[in-house]
Amino acid sequence: MAQMAGVRGPAAADRLHDAQLTRRELLGAAAIGLVAAVPAIASAAGPSGQLTWGIHVSMAPTWFDPAETQGIITPFMVLYALHDAVVKPMPGTSQAPCLAETWSKNEDDKSYEFVLRRNAKFHNGDQVTAEDVKFSFERYKGAAHELMKSKVALIETPDSQRVVFKLKEAWPDFLTFYSSASGAGWVVPKKYLDKVGDEGFKQAPIGAGPYKFVSFTPGVELVLEAFEDYWRKTPSVKRLVMKVLPDEATRLAALKRGEVDIAYSVRGELAEELVKTPGLALKPVVLQAPNWIYFPEQWEPKSPWHDIRVRQAANLAIDRDGMSKALFLGYCKITNNAVVPYTFDYFWQPPEAVYDPEKAQKLMAQAGFAGGFDAGPLYCDSSYSNMAEVVVDNFAQIGIRAKLQPIERAGFVAGYSNKKYTKGIIQGASGAFGNAATRMASFVVKDGAFAYGNYPDIDELFPAQADELDHDKRSAILAKMQQLVHEKAIYAPIWQLGFLNGIGPRVGESTFGTIPGFAYTAPFEDLTLNAA
């Protein structure tokens, strides 16, 4: 067996000097993905105090159950608090051993063995076992579940602490999907699930994360309490309250009054006001979250979107720079890659994005739509309707008339993934972990969770890259796939989102940005309060 993990190191950069490894050794370990989160000495006083969030979206009970994790980052806002995974992204590495103390794989890349920590417990005191890991994978039904399960031949549990995944064939992306691009590696207690069932679990979830479920009032708030037996460290903050405040001005006002300590998503003039307010601090994070415009009608021969010139015109009509400066203080990163973040392995850099409404109008005329056309609804997540309003206006300048249709996030994602928005335009995004292949799987190739159509030449390349073990050859295939997505104008890329947040004076360590590309606060056990 080739050893893959288990090198012990600090959980965050601000504690590197406490480690026994030298800085050079730590950097070397991080470069190959081995720096892991390990238990720290807990404060003798135990957790105390409370932090309160102003959340920009309504939380859905499905986010409490890892089995239903969709191909977006939002559920991880809660998962990182309530639950834990066998392996997951943490500070310093995208594949940190968590519930698994170590893992290894056979040299043929067809077998992975995980050895669980003996001190990992669920909130009810039960030990996390190999049977729980197997059960959690088998009941998983979220993003990429069919793909993952088609690759796994057998799951063995030789004893209570060891789990062995045997694959049907070598698959270079197994660990990427299992550890980050899905919720399949996040572990729930089998005995408890067998007792309460799926719906009962959503009402009163029990996990193995740093915080325990206390209560949930839909549309109002989620309340969590520190789990003092969490294996990595005892959290510093006793109580967490996540308040649903969909209105941006209301979130900022609550932050200024001290009613919340952390406010997600404060943009434009409100962000400028936040920066100028004494005692408050702006916390921007450039996410692994490309935003895009999608044309689900492009496979319909009678639709204007079937003509590539119309899709190209829409791309040229979007004023990305202007919108970023106006709404996000210029923090968004414009890569012109529709769905793959620049930080992901196998990223391909397209030509620079261009804003040219005059050329767009010429393309519209060439396609036979000099007078424009009615495009129907532009569906969007209501928390980003301000972006969509700009896009609607940009499109109107070249004759594409769309009507804004904002939908609350949980409903929007459900409608998008259930292929309900077949007519009109979709403004989408994904901040999920993974690599270029995982994004192709969800958003481009046939039967992808968010793919409304497909192109055979791209589909043919997907299994070829999945079977290719040589990194350079695989990179070339995935680059070709991304190039075809760009050339076919399947999407109109917008940018990688510059997510703007605010914190108040009571916050010590906010943890924003400690997990690269992650949108929200995490790890939750690293949060601290400022001394009074």
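Heads up: the structure comes first, above all this text.
Everything numeric in this text was worked out from a predicted model, so none of it was measured.

As a further point, take the sheet that holds strand 2 (residues 48-55). Read across the open sheet, the ten strands follow the order 9-10-11-2-12-17-13-16-14-15; overall the sheet is mixed. Edge positions in the sheet fall to strand 9 (211-217) and strand 15 (400-407), since each has one partner strand and no second. Two strands pair when backbone bridges link them, and strand 9 and strand 10 (residues 221-226) are joined in this way by six bridges, in the antiparallel orientation. Opposite T217, over in strand 10, you have E221 as the bridge partner.

Before going further, it helps to examine the layout of surface pockets. What the second largest pocket holds in volume is close to 660 Å³. In terms of lining residues, the second largest pocket is bounded by 27 residues, among which A143, A144, H145, D447 and A449 are the most central. Listing elements by their share of the lining of the second largest pocket, those giving two or more residues are helix 4 (145-151), helix 14 (436-443) and helix 15 (456-467). Considering only residue class, the lining of the second largest pocket consists of ten nonpolar, nine polar and eight charged.

Moving on, we get to the environment of V286. Locating V286 in the fold gives a position in strand 13 (residues 281-294). In this structure the C-alpha to C-alpha distance between V286 and C332, which are 46 residues apart in sequence, comes to 6.6 Å. Once residues lying within four places of it in the same chain are set aside, the contact partners of V286 are Y331, K333, Q496, L497, G498 and G517.

Right, let's get into the pattern of salt bridges. Under the defined criterion, the tally for this structure stands at 27 salt bridges. For the salt bridge of D198 with R139, the shortest nitrogen-to-oxygen distance reads 2.8 Å. Placement of D198 in helix 6 (residues 190-203) and of R139 in helix 3 (residues 130-139) is noted, with a sequence separation of 59 residues between them. Judged by relative accessible area, D198 falls into the partly exposed class, the value being 35%.

Moving on, we come to the environment of P61. Relative to the assigned elements, P61 resides in the loop between strand 2 and helix 2 (76-82). What makes P61 partly exposed here is its relative accessible area of 30%. As a C-alpha pair, P61 and G428 span 367 residues in sequence and 22 Å in three-dimensional space. Those residues within four positions of P61 in sequence are excluded, and the remaining contacts are K202 and F216.

It is the contact of helix 10 (residues 320-328) with helix 12 (residues 385-396), at a shortest axis distance of 11 Å, that shows an interaxial angle of 150 degrees. Crossing handedness for the pair helix 10 and helix 12: right-handed. Counting all contacts with helix 10, which are made through M323, L327 and F328, the residues of helix 12 involved are N386, M387, V390 and V391. Tallied by class, residues from the contact of helix 10 with helix 12 come to six nonpolar, one polar and no charged.

On to the side chain of S111. Mapped onto the fold, S111 is located in strand 6 (residues 111-116). Apart from residues lying up to four places away in sequence, S111 is in contact with S104, K105, N106, V164, F165 and K166.

Applying the stated criterion across every chain, the model contains five cavities of 30 Å³ or more. The volume enclosed by the largest cavity comes to roughly 310 Å³. In terms of lining residues, the largest cavity is bounded by 24 residues, among which D381, Y384, R409, A429 and S430 are the most central. Elements represented by at least two residues in the lining of the largest cavity include exactly strand 13, strand 14 (373-381), helix 13 (409-417), strand 16 (425-429) and strand 17 (491-503).

Note that E525 resides in the segment after strand 17. Side-chain polar atoms of E525 contact the side chain of R232, separated by 2.6 Å. Those residues in contact with E525, other than ones at most four positions away along the chain, are M90, P210, Y230, R232, K233, P235 and S236.

On to unusual backbone geometry. Following A522, the chain continues to P523 via a peptide bond in cis, the omega torsion being -5 degrees. One can find P523 in the segment after strand 17. Here L329, not a glycine, exhibits a phi torsion of approximately 55 degrees, which is positive. In this fold, L329 is placed in the loop between helix 10 and helix 11 (357-366). Since its relative accessible area comes to 27%, L329 is described here as partly exposed. One non-glycine residue, D447, lies in positive phi territory at about 70 degrees. Secondary-structure assignment places D447 in the loop between helix 14 and helix 15.

Right, let's get into the nonpolar core. Nonpolar side chains tend toward joint burial in soluble globular proteins. One finds F114, Y416 and Y491 to be the most contacted residues of the largest nonpolar core, which totals 169 residues. The dominant element in this core, judged by the number of residues it contributes, is strand 17, at eight residues. Those residues in contact with Y491 that lie beyond four places of it in its chain are W292, I293, Y294, F295, N315, A338, V339, Y416, F443, V444 and V485.

What counts, and at which threshold
- Residues numbered from 1 in each chain as written.
- Predicted model: local features only at pLDDT ≥ 70, side-chain atom pairs only at ≥ 80, totals over all residues.
- Heavy atoms only, no water.
- Pairing = 2+ DSSP bridges.
- Helix = DSSP H or I, 4+ residues; strand = E, 2+ residues; numbered from the N terminus.
- 1 Å grid on protein atoms, 1.4 Å probe; cavity = no way out; pocket = protein on both sides within 12 Å on 5 of 7 lines; lining within 4 Å.
- Points joined across faces, edges and corners; volume = space filled by probe spheres on them.
- Nonpolar A, V, L, I, M, F, W, Y, C, P; charged D, E, K, R; others polar.
- Contact = heavy atoms within 4.5 Å.
- Salt bridge = Lys/Arg side-chain N within 4 Å of Asp/Glu carboxyl O.
- Buried < 20%, exposed > 50% of the residue type's maximum accessible area, 1.4 Å probe, protein only.
- Axes fitted to C-alpha atoms, helices over the stretch in contact; angles between N-to-C directions.
- Left-handed = near helix turned anticlockwise from the far one by under 90°.
- Polar contact = N/O pair within 3.5 Å; in protein donor to acceptor, adjacent residues only side chain to side chain.
- Core = buried A, V, L, I, M, F, W, Y, C linked by side-chain atoms within 4.5 Å.

Any functional reading would require information that these geometric values do not contain.
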